[in-house]
Amino acid sequence: MKHVFKQKSPLKQFVSELLSGNTVTLARAITLCESQKTADRKKANDLLQEILPHTGRSLRIGITGSPGVGKSTFIDAFGKSLTSLGKKVSVLAIDPSSAKTKGSILGDRTRMEELSKDPLAFIRPTATGNSLGGVADKTREAILLCEAAGYEIIIVETVGVGQSETTVRGMVDFFLLLQLAGAGDELQGIKKGIMEMADGLVITKADGENEKRARQAQTEFQHALHLFQPSELGWTPKVLTCSALEKKGIDEIWKLIEAFHSFTTKNKSFRKNRDRQNLSWFHESIDSLLKRDIFQSSKYSTKIKSMEKKISSGKIMPSLAADEILKMLLK
Ligand code: GDP
């Protein structure tokens, strides 16, 4: 990526554009952070370090749910209701499937038709990468960049399949699970682990014939949530219903998130949660940098190949082989 920073005091100029909320600069900054090139990585790190004092002031909301549950319709309506309050909203997405295909099925502008036209909103299609961890790192950096550009609410969307919910849970303040009513036994189709991570649960498409079923599901889910231990934050998750199509129940969801924010600010768990998340980001980074160094450096490749052969022929235990590699690193 050439010409990211302009000639004269390039970094400072770029940063001041970003801080002034220039969306073209913001988009370029995110692209820079997504780049795999070593030279770009260095520029990205300098940039992130420079903007650090201007980050952290947003409310970060994670939203998950199975495909078709109504995520994009909901985010469109929810985002619009926030921008109508004068808030700047950005939407980022983590899509584990795109890590493989390098495509982007989430976060596309077309999926959030109204919000994408709103000058107070910034929608960024999915970051792509070789691994969920890689995509997650880029999303974390994109959160910081959006904050520096003055976005007050950051929505991180993920499709509800597998590991990505845990990843998103680890980078947001409030985690919202969207769920459909009337799809057979309500509590069957959803993993307990994901429910346990949620700070709020919303039964979507509560309109027309589905409204009654949505209310029933609300009672059932609220009951089920009561059986869980309270979260580390001391917060008891709530269940609401909404119709994004008819714009019903959207304000209540924002009120719930505001209540959560003031509750966790008062009992100091908001700050503690952020600290915990930063520390795990640090630890995960050590992990991935070490791995990258070992697998990309020619210094280790001969030894790794010989260990792989020994493992295949049953001559050494995999854990012991890993130990041998680590010994080389510590030499
Ligand atoms: P996603 O895959 O989770 O992002 O789901 P979408 O937002 O694309 O919605 C999937 C389908 O459900 C679309 O046909 C929407 O029109 C429909 N849908 C979304 N929200 C509502 C709602 O509140 N009420 C009704 N009746 N349909 C909805």
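See above for the structure.
Rules of the game
Residues numbered from 1 in each chain as written. Predicted model: local features only at pLDDT ≥ 70, side-chain atom pairs only at ≥ 80, totals over all residues. Heavy atoms only, no water. Salt bridge = Lys/Arg side-chain N within 4 Å of Asp/Glu carboxyl O. Helix = DSSP H or I, 4+ residues; strand = E, 2+ residues; numbered from the N terminus. Buried < 20%, exposed > 50% of the residue type's maximum accessible area, 1.4 Å probe, protein only. Near = heavy atom within 4 Å. Polar contact = N/O pair within 3.5 Å; in protein donor to acceptor, adjacent residues only side chain to side chain. Areas by Shrake-Rupley, 256 points an atom, 1.4 Å probe, with all protein chains shown as cover. Pairing = 2+ DSSP bridges.

Side note on the pattern of salt bridges
Part 1 of the reasoning: Applying the stated criterion across every chain yields a total of 17 salt bridges.
Part 2 of the reasoning: Lys-80 is the partner of Asp-118 in a salt bridge, and the nearest nitrogen-oxygen pair spans 3.0 Å. Separated by 38 residues along the polypeptide, Asp-118 in the loop between helix H5 (96-101) and strand E3 (121-123) and Lys-80 in helix H4 (residues 71-83) bring together distant segments of the chain.
Part 3 of the reasoning: Assessed through its relative accessible area of 9%, Asp-118 is described here as buried.
Part 4 of the reasoning: Residue Arg-215 is joined to Glu-211 by a salt bridge in which the shortest nitrogen-to-oxygen separation is 3.4 Å. Taken together, the residues span about one helical turn, with Arg-215 and Glu-211 both in helix H9 (residues 210-226) at a distance of 4 residues.

What about the site of the ligand?
Part 1 of the reasoning: Residues in close proximity to the ligand total 14 residues, the closest being Lys-71, Ser-72, Thr-73, Lys-205 and Asp-207.
Part 2 of the reasoning: Backbone polar atom of Lys-71 to an oxygen atom of the ligand: 2.8 Å apart, as the coordinates give it.
Part 3 of the reasoning: Here an oxygen atom of the ligand sits 2.8 Å away from a polar atom, N or O, in the side chain of Lys-205.
Part 4 of the reasoning: When the ligand sits alone it has 580 Å² of accessible area, and the protein chains cover 68% of it.

Here we look at the pairing of strand E4 (residues 153-159)
Part 1 of the reasoning: Most of E4 sits inside the fold, with 7 of its 7 residues counted as buried.
Part 2 of the reasoning: Burial along E4 is two-sided: the face carrying Ile-153, Ile-155, Glu-157 and Val-159 and the face carrying Ile-154, Val-156 and Thr-158 are both buried.
Part 3 of the reasoning: By the bridge criterion, 6 bridges tie strand E2 (residues 89-94) to E4 in an arrangement that is parallel. Across the sheet, residue Ile-94 finds its bridge partner in E4, namely Thr-158.

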